[in-house]
Amino acid sequence: MSFHIDVITVLLNGLQQGAIYILLAVGLSIILGTLKFVNFAHGALYLIGTYAGLLIALEINLTSGQLQEWGFSQLGLGLGYIPALIIVPFVVFVVGLAMERFVVEPFKDRPDTDQILVTFGLAIIVQELFRAFFGSSSLPFSQPAWAQGPPQVPFLTAIPISSWRYYVIGITAVLVLIVYLLVEFTDFGLIVRAGTRDPEMVELLGIRLSRPYIVVFGIGAALAGVAGVVGGPLNPVNPTIGNEILVPAFLTVVIGGVGSIAGAVLGGVLFGLTQAILVATYSAWAQVGLYALAAVILLVRPQGLLGEAEVAS
Amino acid sequence: MSDESASAGETDTDASALGDAIGIWAPRGNEVRIVAGSAIILALFPFIFSRMPVVSDLLQGYQSLATLILIWGIFALGFDLLLGYTGLLSFGHAAFWGGAAYATGVFSQQVSGSPILMVAAGTLFAVLLAWFLGFLSLRRGGIYFAILTLAFAQMMFYMSSSPLAFITGGENGFTGVETGELFGMFALESELPSVLGLLLGTWLYAFVAIITVLCIAFAYRILQSPYGMVFRAIRENEQRAEFVGLNVWRYRLMSFILSGLFAGIAGSLFTIHGTYVPLSSLYWTESGEVVIMTVLGGTGSLFGPMIGAGVYLYVENIVSGGHPVDFIAPFWHLILGLVFVVTIWMFPRGIWGFVRDVRDMITGGDE
């Protein structure tokens, strides 16, 4: 019995970790697939999501950083986790819109390397802004009291996993499904997909692509924001989390296949499960194994598991 | 550093006279002037930076930072061979820098503490690693290359953080570096005799500076050669280079290995300089730092990246300590980020490009 429980615990932990990767990867992937834009600042959006979620959900005591020095040692709205989950996506959506307009647009016709460089620079700026104002020490972002224990459902009470992790998996599933339906079955999605295939032709037909594009970027950003809110309470919160999660998120995209939502989901699940299984068995090799897996997949199947063709370089 | 066309004729005659005597080792183009110029500047640099009466008070520089600037300068110079000349953006150069740093440390502990052998060992390790990783990551272009190099470098980071911790010291870094004396005679920390001591300071600086000059000469040689011309041709138009019959893949791999070589030299010197290898030397932000230095200083130029390294390290070490103004100290990294973004946005040719533009404006252009 206890072995079964261990296995289920590991798998659920893996799914939950995968869910965070999926939320980030879906956003990155649709941005890369449609706008052909490489966003190294996606981790920064996750960072903004985490801090915004923290400040909306709780009231925290700052122990370092400029804000504390200026006398704002108590900060935050303390509205609770549900309002945070609702407000943050809109905040980060707006940040995403601004970013599309002021960064992506001017860099559309510049080479890939310039896009990577400028977004990498932006990621540093965001990280350092948070570091300067909120300090570099980790902030307390605990899981809500109502989601700390295992859920009170007959079978699941025996599994030592907080209900928060189930919520993470559930929220991810719902959001990804919504985005999938939006892209596959609406007029908006049709335009976006057509624009991915042949932007010139779409514009010749009299359809303006700039508006769907900016919305796509906003949606991708909002997903990263949600990932920040749900992922924040699971790890220590400090200014470097954005850059730390960027690398696995990017790998999830490329092993899944650029532009494919299903690929991002598959990649995320694969990544999360591999990580959880390795942590439970050969924990020293966990991270190495993850990158080795990614490298092997990329070398054997360069377009990613579910990718059709590679992005023109 | 010099006008490329102004006195080319004169040096060419020098070169050909010399060339008969020393064959393929003969200097080409402006090599003599470039090398002599850099040697003079590097000889004066630590004095001006850390000991000259008024200037050093203004700059607040110190000897060990001068050495560090040269070391990162070599790293950035090599990185620019790849980014600026061949047009490939790697986010995994920390693997070569940190890998060489660890290799050097382990070599010093297990085999020999001779600084020259240490640099040779670290560099050899980096070159072999670059060959292997280049072979794997160069199958893909553009963003895939950036992400693959990033993934491999992160793999190295996690390797040394736990599975190989018994060699590398894991989170604590490698602490067992045992640097011996240069040629078995001169301790690297000791001062040079008489006027050299005033100018250069320590043996360590002299050692690093000589290697830096050799690196500059080597890089200049490569870039002036037909081989280096192919790198630029690939950057400008890969397809066309392919059509004239060049094996693009092979040249790219060589460019990657060469830049790994420079990163290896720099990484080895970093170990000798710090007598310690931090785990963070393999982390991907380290790759990011060399990217920033190179772009800030100006890609596609010989001296730009070195200037970029100097500016970056100056801000990181001096401005962060509250000099010249106290209140910007906590924002030093933010300022670097902002300057970096502005550079990419508006001055893609970096500080060096800006300097050249100003010079062309004053002299009315010399082309």
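Residues numbered from 1 in each chain as written. Chains lettered and ligands numbered in written order. Predicted model: local features only at pLDDT ≥ 70, side-chain atom pairs only at ≥ 80, totals over all residues.

**Focus: the overall build of chain A**
To keep it simple, the criterion reads: Numbering goes from the N terminus for both helices and strands, where a helix is a DSSP run of H or I of at least four residues and a strand is a run of E of at least two. This radius of gyration counts C-alpha atoms alone. The globule rule is 2.2 Å times how many residues there are, raised to the power 0.38. Any residue with 12 or fewer other C-beta atoms within 10 Å of its own C-beta is exposed, any with 20 or more is buried, and the rest are partly exposed; the C-beta atoms used are placed from the backbone.
If you tally the helices and strands in chain A, you get twelve helices and two strands. Compactness check: chain A gives a C-alpha radius of gyration of 20 Å against a globular reference of 20 Å for 313 residues, within 12% of the reference. Dimensions along the principal axes, computed over C-alpha positions, put chain A at roughly 60 × 55 × 35 Å. Taken over 313 residues, chain A has a buried fraction of 50%.

**Observations regarding the interface of chain A and chain B**
Here is the rule we go by: What counts as a contact is two residues whose backbone-derived C-beta atoms lie within 7 Å of each other. Ten residue types, Ala, Val, Leu, Ile, Met, Phe, Trp, Tyr, Cys and Pro, are classed as nonpolar, four, Asp, Glu, Lys and Arg, as charged, and the remainder, Gly among them, as polar.
At the interface, 34 residues of chain A touch 35 residues of chain B. Of all the elements in the fold, those that place two or more residues in the side of chain A that touches chain B are helix 5 (112–134), helix 10 (241–256) and helix 12 (286–300) of chain A. Counting residues per element, the side of chain A that touches chain B draws most heavily on helix 5 of chain A, which supplies 14 residues. The class makeup of the residues in the side of chain A that touches chain B is 25 nonpolar, six polar and three charged.

**Brief notes about helix 2 (residues 31–50) of chain B**
All names here are of chain B. Counted only if it meets this: By this rule the span expected of a helix is its residue count minus one, scaled by 1.5 Å. Here the bend at each residue means the angle between axes fitted to two seven-residue stretches, the one ending at that residue and the one beginning there.
Along its 20 residues, helix 2 runs 29 Å from first to last C-alpha, staying within 8% of the 28 Å computed at 1.5 Å per residue. When the local axis directions of helix 2 are compared, the greatest deviation, roughly 35 degrees, occurs at Leu44, which is followed within four positions by the proline Pro46. Those residues of helix 2 that fall on the buried side of the exposure criterion are Arg33, Ile34, Ser38, Leu42, Phe45, Pro46 and Phe49.

**Considerations on the confidence of the model for chain B**
Residues and elements named next belong to chain B. What counts, and what does not: Per-residue confidence from the predictor is reported as pLDDT, which spans 0 to 100.
Per-residue pLDDT for chain B has a mean of 85; in total, 92% of the residues score no lower than 70. Element-level pLDDT for chain B is lowest in helix 1 (residues 8–22), with a mean of 53, against a maximum mean of 93 in helix 13 (residues 248–274). Scored below 50 in pLDDT, residues 1–11 shows 16 contacts in the model against residues more than four places distant or in partner chains. Reported confidences for the modelled complex are a pTM of 0.88 and an ipTM of 0.86.

**Considering the environment of A:Gly14**
Residue and element names in this part refer to chain A. Relative to the helices and strands, Gly14 is located in helix 1 (residues 2–35). For the pair formed by Gly14 and Gly33, sequence separation is 19 residues and the distance between their alpha carbons is 26 Å. Those residues within four positions of Gly14 in sequence are excluded, and the remaining contacts are Gly272, Leu273, Gln275, Ala276 and Ile277.

**Description of unusual backbone geometry**
Only a minority of non-glycine residues have a phi that is not negative, and only a minority of peptide bonds are not trans. For A:Lys36, which is not glycine, the phi dihedral falls at a positive 55 degrees. Structurally, A:Lys36 can be placed in the loop between helix 1 and helix 2 (42–57). We classify A:Lys36 as partly exposed; it has 18 C-beta atoms within 10 Å. Even without glycine at this site, B:Thr275 takes up a positive phi of about 45 degrees. With respect to the element layout, B:Thr275 can be found in the loop between helix 13 and helix 14 (284–297). B:Thr275 sits in the partly exposed class, given 16 other C-beta atoms within 10 Å.

**Considering the nonpolar core**
Defined as follows: As used here, a nonpolar core is made of buried Ala, Val, Leu, Ile, Met, Phe, Trp, Tyr and Cys residues. They are joined through C-beta atoms within 7 Å.
Counting 208 residues, the largest nonpolar core has A:Leu23, A:Leu24, B:Phe75 and B:Ala266 as the members making the most contacts within it. Contacts of B:Ala266, omitting those with residues within four sequence positions, involve B:Ile71, B:Trp72, B:Ile74, B:Phe75 and B:Trp97.

**Points about the packing of helix 2 of chain A against helix 9 (residues 210–231) of chain A**
Residue and element names in this part refer to chain A. Just so we agree on the cut-off: Comment: axis = line fitted to C-alpha atoms, over the contacting stretch for helices; angle = value between 0 and 180 degrees taken between N-to-C directions. Here roughly perpendicular refers to angles of 65 to 115 degrees, roughly parallel to angles under 35, roughly antiparallel to angles over 145, and oblique to all remaining angles. Left-handed describes a crossing in which the near helix is turned anticlockwise from the far one by less than a right angle; the clockwise case is right-handed.
Close contact between helix 2 and helix 9 brings their axes to 7 Å; oriented N to C, the two are set at 50 degrees. With respect to their mutual orientation, helix 2 and helix 9 come out oblique. Relative to helix 9, the crossing made by helix 2 is right-handed. Where helix 2 abuts helix 9, its residues His42, Leu45, Tyr46, Leu47, Ile48, Gly49, Thr50 and Gly53 lie against Ala221, Ala224, Gly225, Val226, Ala227, Gly228 and Val229. Residues that form the contact of helix 2 with helix 9 fall into these classes: nine nonpolar, six polar and no charged.

**Some points on the environment of B:Ala153**
Residues and elements named next belong to chain B. Structurally, Ala153 is set in helix 7 (residues 142–161). Its 28 C-beta neighbours within 10 Å are what place Ala153 among the buried residues. Along the primary structure Ala153 and Gly99 are separated by 54 residues, whereas in three dimensions their C-alpha atoms are 9.4 Å apart. Setting aside its immediate chain neighbours within four residues, Ala153 contacts Gly92, Ala94, Ala95, Leu282, Trp284 and Ser287.

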